[in-house]
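Notes for the structure review
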Amino acid sequence: METRVRTGIHPDIMEAYCVLEGKPLSRTLAQRLVLVDSGQLLDLVSLANKVRNKFSPAAYTCTIFNAKSGVCSEDCRFCAQSSHHAAPIEVYPLVSESAILAAAEKASSNQVRSFGIVTSGFGYDRITREFRSITRAIHLIHDRYPELAVCASLGVLSPETAGALAKAGISHYNINLQVNPARYAKLISTTHTVEARIETIALLQECGIKTCVGGIIGVGENMSDRVELAYVLKDLDVDVIPINVLIPIANTALASQPPIPAAEVAKTFALFRLIHPGKVIKFAAGRETLMKDFQGLLMLAGANGFLTGGYLTTRGREAAEDQAFLTALSGF
Ligand code: SF4
């Protein structure tokens, strides 16, 4: 057991060292850690990094491919693909199976572990021609690049479509809750409910598909909301937790949202790591574009994975540069 003789460390952070001994972090203590000030932040980050090293040391990278862009019926406030916004993005219907395969080939040659097919829209409640084309593309990728895990993010599913994706052999399915579910209607969307997304998570788990469920920070929520989201994800026992930082996009409802300070992002990652010691926590959008010089620190605040090669409607760093970044981080 690690020695507890540490002078100058905030008593709540000292108490949180129980996580290193395999004990869960209580909600009450997590909410107290929200109040840790900037003078103690690096102590919290250091603990989160110790927890990551002990319980989830492997690093994971994945890449996503936007197979259908824009014209979405939903009104998610941050999203450039919503038809409720007039954001300057490329709009296209579902691309061909060969285009999906070509993107998978690029991911494979970049030595990324998993490749996610993403489509805009509410979701698929039945097996349409479009949905069938996606499952065919998944089979083609498995045949051609067997080393590549194929994931999908297609919105809300029904038992029928979740079952079809399980049959197609997807590894993980991404469906984010985005924020504290109690504030979903206010902060994210009024055209659908967060319950529909939670029901999809249950369907996926019944089908044996691993779940990738996270959120977005910087959309008007507070740190207590983030802690609440982390505990909801714990109750749902999701497998992977992607955390996005809002990139405000022109003409969306959050175009003028002020950027979130790097210190707040670091605290968020550290708290997620302490609440989820053994899970994969991925830094998704915002890592390179918003956090710039701080992305190394943020990766040491508890994250053990990231999205590489760009996002749905914004660019990221090239995969080779990210691989070098990951190698440099592995010594910490
Ligand atoms: S996040 Fe998804 S469901 Fe919401 S507007 Fe964007 S594409 Fe549509």
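Structure: see above.
Residues numbered from 1 in each chain as written. Predicted model: local features only at pLDDT ≥ 70, side-chain atom pairs only at ≥ 80, totals over all residues.

The subject of this paragraph is the overall build of the protein chain. Helix and strand counts for the protein chain stand at 12 helices and 11 strands. The burial tally for the protein chain puts 46% of its 332 residues in the buried class. Taking all contacts inside the protein chain whose residues are at least 6 apart in sequence as the whole, residues at least 24 apart take part in 77%. (Helix = DSSP H or I, 4+ residues; strand = E, 2+ residues; numbered from the N terminus. Buried ≥ 20, exposed ≤ 12 C-beta atoms within 10 Å, placed from the backbone. Contact = placed C-beta atoms within 7 Å.)

A word on the packing of helix H9 (residues 223-236) against helix H10 (residues 262-275). Closest axis-to-axis distance for the H9/H10 pair is 10 Å, and the angle between their directions is 30°. With respect to H10, the element H9 is oriented roughly parallel. Seen along the crossing, H9 lies across H10 with a hand that is right-handed. Judged by residue contacts, Met223, Arg226, Val227, Ala230, Tyr231 and Lys234 of H9 engage Lys267, Thr268, Leu271, Phe272 and Ile275 from H10. Looking at the contact of H9 with H10, its residues break down into 7 nonpolar, 1 polar and 3 charged. (Axes fitted to C-alpha atoms, helices over the stretch in contact; angles between N-to-C directions. Parallel < 35°, antiparallel > 145°, perpendicular 65-115°, else oblique. Left-handed = near helix turned anticlockwise from the far one by under 90°. Nonpolar A, V, L, I, M, F, W, Y, C, P; charged D, E, K, R; others polar.)

Now for the site of the ligand. Taken together, Cys72, Glu74, Cys76, Cys79, Gln81, Ser82, Ser120, Gly121, Phe122 and Gly155 make up the full set of residues adjacent to the ligand. Grouping the constituent residues of the shell around the ligand by class yields 4 nonpolar, 5 polar and 1 charged. (Near = placed C-beta within 6 Å.)

Between the first and last C-alpha of H9 there are 20 Å, a value that for 14 residues agrees with the 20 Å anticipated at 1.5 Å per step. Looking one or two residues past H9, Asp237 carries a phi angle of roughly 55°, positive in sign. (Expected span 1.5 Å × (residues − 1).)

Burial along strand E10 (residues 280-283) is two-sided: Val280 and Lys282 facing one way and Ile281 and Phe283 facing the other are all buried. Sheet topology places strand E9 (residues 240-245) next to E10; 4 bridges connect them, and they run parallel. The partner of Ile243 across the bridge, within E10, is Phe283. The parallel pair E9 and E10, bridged by H10, forms a crossover whose chirality is right-handed. Bridge count for E10 against strand E11 (residues 305-307) is 2 bridges, and the pairing is parallel. Within E11, the position partnered with Phe283 by the bridge is Phe306. (Pairing = 2+ DSSP bridges. Right-handed = clockwise from strand over helix to strand, strands pointing away.)

Turning our eyes to something else, we now look at the environment of Asp239. Position of Asp239 relative to the elements: it lies in the loop between H9 and E9. Residues contacting Asp239, with those up to four places away along its chain left out, are His172, Lys210, Thr211, Cys212 and Lys279.

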